[in-house]
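Letter by letter, the chains look like this.
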Amino acid sequence: MIGVVYLGNNSKTQERLKYIPGQLVRMTNAYKDAAQICTPHVSNEHFLVFFERNVRSEDITAITYLRKKCPRVYIVLMTNTMTEDERRIYMKCGINDTIHPEASVTELSKKIQFISDRENVLFDDEAPKYGILKFKIPLWKRMFDIVFSTLAIIVLSPVFLLTALAIRLESKGPILFTSKRVGTNYTIFDFLKFRSMYVDAEDRLKELSKDHNQYAANDKVEEPKTTITAPLGDQAEMLMMGAGMESEMMISDEEIMLVGDDFVVAESDFAKKKEEEINNAFIKIENDPRVTKVGRFIRKYSIDELPQLFNILKGDMSVVGNRPLPLYEAEKLTADSSIDRFMAPAGLTGLWQVEERGRVGTMSAEERKQLDITYGQTYSFLLDMKIILRTLTAFVQKGNV
């Protein structure tokens with residue numbers, strides 16, 4: 001259990017804190033005294049400070065001092081409303097979380113328990129011994145990419161010219177379509193394709209994906225229920241990651257709660273919602289009405305992908321690897337079970353294309369993710385050559401997607 005300190009002079013809050021079960025809350029109205037209390041006397045001793053909001057300039061001085069003197073402190077600002085500017089200022093000077101100043105004993109107790117249960121995650125006692133793990137493309141693979149892409153661009157230059165002319169003649173708009181994609185190590189880059197859709201395609205995607213996404217689950221999952229309370233923690237709001245849920249029923253006291261500025265959600269419901277989002281991360285539209293006539297032809301024979309040879313030459317991608325994902329798909333694949341797909345080369349073609357592509361509507365998002373992970377763990381020069389040879393027979397898609 002972490003040590004708890006109240007810094008403020010609100011008598012009603014002090015009275016409620018006295019009744020926190022199993023917890024002795026030390027109280028003071030002087031920030032230097034609070035800093036002295038929060039100075040650790042033993043290894044791995046941590047403190048939670050409930051900081052009563054007052055005059056902003058004085059608050060900033062106090063919070064900054066606490067942060068400087070007490071590296072193992074978690075500060076919860078007791079406040080009712082905040083503007084965006086105030087929120088940024090308080091977070092910049094060291095606030096970790098917020099809670100309403102009239103929060104009940106139960107809410108205060110749950111906040112303490114929530115932070116205590118995550119003590120090892122929220123308090124960074126030691127600097128990391130190792131740098132962030134990143135994938136680095138092997139020299140043999142990079143050299144092959146440069147040679148292959150250069151030769152392919154030269155040989156296919158007539159196809160580039162004819163395709164560009166056909167696109168220009170059929171519809172208005174740019175010949176190339178550029179979008180932000182997420183590749184190796186979650187690196188964002190400009191992804192090139194021949195434009196195969198009408199110019200307003202991106203605006204129509206959200207509406208279409210609701211009813212026509214092949215990767216989405218057929219059965220609608222009931223939305224998790226939450227109970228709306230007074231504004232609570234910024235830290236928990238970040239954990240929620242925009243779950244976007246509405247209130248209909250109360251949750252039992254036995255549940256571990258995740259709290260946000262204007263909602264509370266059970267941890268089990270949140271996990272269920274995140275799993276659903278990950279399973280439906282990929283978007284694939286059958287018989288897409290946004291595609292032009294030329295677009296259907298160049299998609300059928302994968303000609304629309306040829307500009308990615310320039311991405312390969314630049315180093316954004318490899319010839320063989322996992323397909324780089326749009327931002328709206330990649331942001332749903334940040335869980336531990338999904339990270340491995342990004343610890344591998346991003347590629348023009350890959351294992352899932354030759355194993356599953358063309359099996360109309362039968363490949364789930366989980367199957368595709370697992371194939372990407374398998375490639376990242378087992379890729380080799382021999383495997384890359386096999387995938388390239390199989391791509392020559394698999395590039396004609398059976399489905400109209």
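Please read these numbers as outputs of a predicted model, since none were measured by experiment.

What counts as what
Residues numbered from 1 in each chain as written. Predicted model: local features only at pLDDT ≥ 70, side-chain atom pairs only at ≥ 80, totals over all residues. Heavy atoms only, no water. Phe/Tyr/Trp six-rings, centres within 6.5 Å; stacked < 30°, edge-to-face > 60°. Helix = DSSP H or I, 4+ residues; strand = E, 2+ residues; numbered from the N terminus. Buried < 20%, exposed > 50% of the residue type's maximum accessible area, 1.4 Å probe, protein only. Salt bridge = Lys/Arg side-chain N within 4 Å of Asp/Glu carboxyl O. Axes fitted to C-alpha atoms, helices over the stretch in contact; angles between N-to-C directions. Parallel < 35°, antiparallel > 145°, perpendicular 65-115°, else oblique. Contact = heavy atoms within 4.5 Å. Nonpolar A, V, L, I, M, F, W, Y, C, P; charged D, E, K, R; others polar. Pairing = 2+ DSSP bridges. Core = buried A, V, L, I, M, F, W, Y, C linked by side-chain atoms within 4.5 Å. Patch = residues over 30% accessible without salt bridge, like charges linked within 9 Å, V, L, I, M, F, W, Y side chains within 5 Å. Areas by Shrake-Rupley, 256 points an atom, 1.4 Å probe, with all protein chains shown as cover. Polar contact = N/O pair within 3.5 Å; in protein donor to acceptor, adjacent residues only side chain to side chain. Disulfide = S-S within 2.5 Å. Expected span 1.5 Å × (residues − 1). Arc of directions from axis to C-beta.

S.K.: What exactly am I supposed to notice about the packing of aromatic side chains here?
M.R.: How two aromatic rings sit relative to each other is set out by the distance from centre to centre and by the angle between their planes. A complete count under the given rule lists eleven aromatic pairs for this structure. Their ring planes at 35° and their centres at 5.6 Å tell us that Phe-144 and Phe-148 sit as a pair that is tilted. In this pair, Phe-144 and Phe-148 both sit in helix H7 (residues 139–155), four residues apart, roughly one turn of the helix. Taking relative accessible area as the criterion, Phe-144 reaches 22% and is therefore assigned partly exposed. Ring centres of Phe-297 and Tyr-301 lie 5.1 Å apart, and the angle between their planes is 50°; this geometry places the pair in the tilted category. Accessibility expressed as a relative area gives 32% for Tyr-301, which makes it partly exposed.

S.K.: It is not clear to me how the pattern of salt bridges should be interpreted in this structure. Could you clarify?
M.R.: Opposite charge on two side chains makes pairing possible when the charged atoms of those side chains draw close. Applying the stated criterion across every chain yields a total of eleven salt bridges. Note that Lys-193 and Glu-305 form a salt bridge whose closest N and O atoms lie 3.7 Å from each other. A residue pair is termed long-range when its members are at least 10 positions apart, and Lys-193 in strand S7 (residues 188–194) and Glu-305 in the loop between helix H12 (293–300) and helix H13 (308–314) qualify at 112 residues. Summarising the burial analysis for this pair, Lys-193 and Glu-305 share the class buried. It is possible to trace a salt-bridge network through shared partners that takes in Lys-193, Asp-304, Glu-305 and Arg-323.

S.K.: Help me understand the packing of helix H3 (residues 56–69) against helix H4 (residues 84–93) in this model?
M.R.: In a packed pair of helices, the relevant descriptors are the angle between the two axes and the axis-to-axis distance. Contact geometry of H3 with H4 gives a least axis separation of 9 Å together with a crossing angle of 25°. Taken together, H3 and H4 sit at an angle that is classed as roughly parallel. Judged by residue contacts, Arg-56, Asp-59, Ile-60, Ile-63, Thr-64 and Arg-67 of H3 engage Glu-86, Ile-89, Tyr-90 and Cys-93 from H4. When its residues are assigned to classes, the contact of H3 with H4 shows five nonpolar, one polar and four charged.

S.K.: Sorry, what's going on with the sheet that holds strand S12 (residues 325–326) here?
M.R.: Remark on secondary structure: sheet strands pair via backbone hydrogen bonds, oriented parallel or antiparallel. One open sheet accounts for three strands, arranged S7-S6-S12; its pairing is antiparallel. Looking at the sheet topology across the chains shown, the edges are occupied by S7 and S12.

S.K.: I keep staring at unusual backbone geometry and nothing clicks. Help me out?
M.R.: What you tend to see is this: most non-glycine residues have negative phi, and most peptide bonds are trans. We note that Tyr-186 has phi near 60°; this positive angle belongs to a residue other than glycine. Residue Tyr-186 is classed as partly exposed on the basis of its relative accessible area of 28%. The backbone phi angle of Ser-302 is positive, close to 60°, even though this residue is not glycine. With respect to the secondary-structure elements, Ser-302 resides in the loop between H12 and H13.

S.K.: Mind showing me how you'd approach the nonpolar core here?
M.R.: Nonpolar side chains in soluble globular proteins tend to be buried together. In terms of nonpolar packing, the biggest core is built from 27 residues, with Phe-194, Tyr-375 and Ile-387 touching the most fellow members. In contact with Phe-194, not counting residues within four places along its chain, are Phe-160, Thr-163, Ala-164, Ile-167, Ile-175, Leu-176, Phe-177, Ile-298, Ile-303, Asp-304, Leu-306 and Pro-307. By size, the runner-up hydrophobic cluster in this structure holds 20 residues, among which are Val-5, Ala-34, Tyr-90 and Cys-93.

S.K.: Is there a simple way to think about the environment of Gly-350 in this case?
M.R.: Along the chain, Gly-350 falls in the loop between strand S13 (347–349) and helix H15 (351–356). In this structure, the C-alpha to C-alpha distance between Gly-350 and Val-319, residues 31 residues apart in sequence, is 8.3 Å. If we skip the residues at most four places from it in the chain, Gly-350 touches Val-320, Gly-321 and Ile-387.

S.K.: I'm lost on a nonpolar patch on the surface in this one. Help?
M.R.: Together, Leu-139, Met-143, Ile-146 and Leu-313 make up an exposed nonpolar region whose accessible area comes to about 360 Å². Looking at the nonpolar patch element by element, the count peaks at three residues for H7. In this fold, Ile-146 is placed in helix H7.

S.K.: Can you help me understand the sheet that holds strand S5 (residues 97–99) in this one?
M.R.: Strand order in the open sheet made by the five strands is S2-S1-S3-S4-S5, with parallel pairing throughout. Edge positions in the open sheet fall to strand S2 (25–28) and S5, since each of these has one partner strand only. Looking at each pair of strands side by side, their axes are set apart by 25° on average, direction ignored. Pairing of strand S1 (residues 3–7) with S2, which is carried by four bridges, proceeds in the parallel orientation. Looking at S2, one finds that Leu-7 is bridged to Thr-28.

S.K.: What am I meant to see in the side chain of Glu-305 here?
M.R.: The exposure class of Glu-305 is buried, given its relative accessible area of 12%. A polar contact is formed between the side chain of Glu-305 and the side chain of Arg-323, at a distance of 2.8 Å. Excluding residues within four positions of it along the chain, Glu-305 makes contact with Phe-191, Lys-193, Arg-323 and Leu-348.

S.K.: I keep staring at the packing of helix H8 (residues 157–170) against H12 and nothing clicks. Help me out?
M.R.: Direction vectors running N to C along H8 and H12 enclose 155°, while the axes themselves pass 9 Å from each other. In terms of axis orientation, H8 runs roughly antiparallel to H12. Of H12, the residues touching H8 (which contributes Thr-163, Ala-166, Ile-167 and Glu-170) are Lys-293, Val-294, Gly-295 and Ile-298. Class assignment of the residues belonging to the contact of H8 with H12 gives a composition of four nonpolar, two polar and two charged.

S.K.: Could you clarify how one ought to interpret the state of the cysteines in this entry?
M.R.: Covalently bonding the sulfur atom of one cysteine to the sulfur atom of another cysteine gives a disulfide. Evaluated as defined, the whole model comprises zero disulfides. In this structure Cys-38 is a free cysteine whose sulfur lies 5.0 Å from that of Cys-70, the closest cysteine sulfur available. Taking the relative accessible area as the measure of exposure, Cys-38 reaches 0% and is therefore buried. The class of Cys-70 is buried, set by a relative accessible area of 0%.

S.K.: I'm lost on H8 in this one. Help?
M.R.: For the α-helix, the turn length of 3.6 residues means that residues three or four positions removed from each other point alike. Over its 14 residues, H8 extends 20 Å from the first C-alpha to the last, a length consistent with the 20 Å expected when each residue adds 1.5 Å. Within the sequence span of H8, burial applies to Phe-160, Thr-163, Ala-164 and Ile-167. Taken end-on, H8 shows its buried residues confined to a sector of 100°, consistent with a single buried face. Away from the buried face of H8 by more than 90 degrees, exposed residues Leu-161, Leu-162 and Leu-169 are located. Residues of H8 that are buried in the fold lie against S7, H12 and H13.

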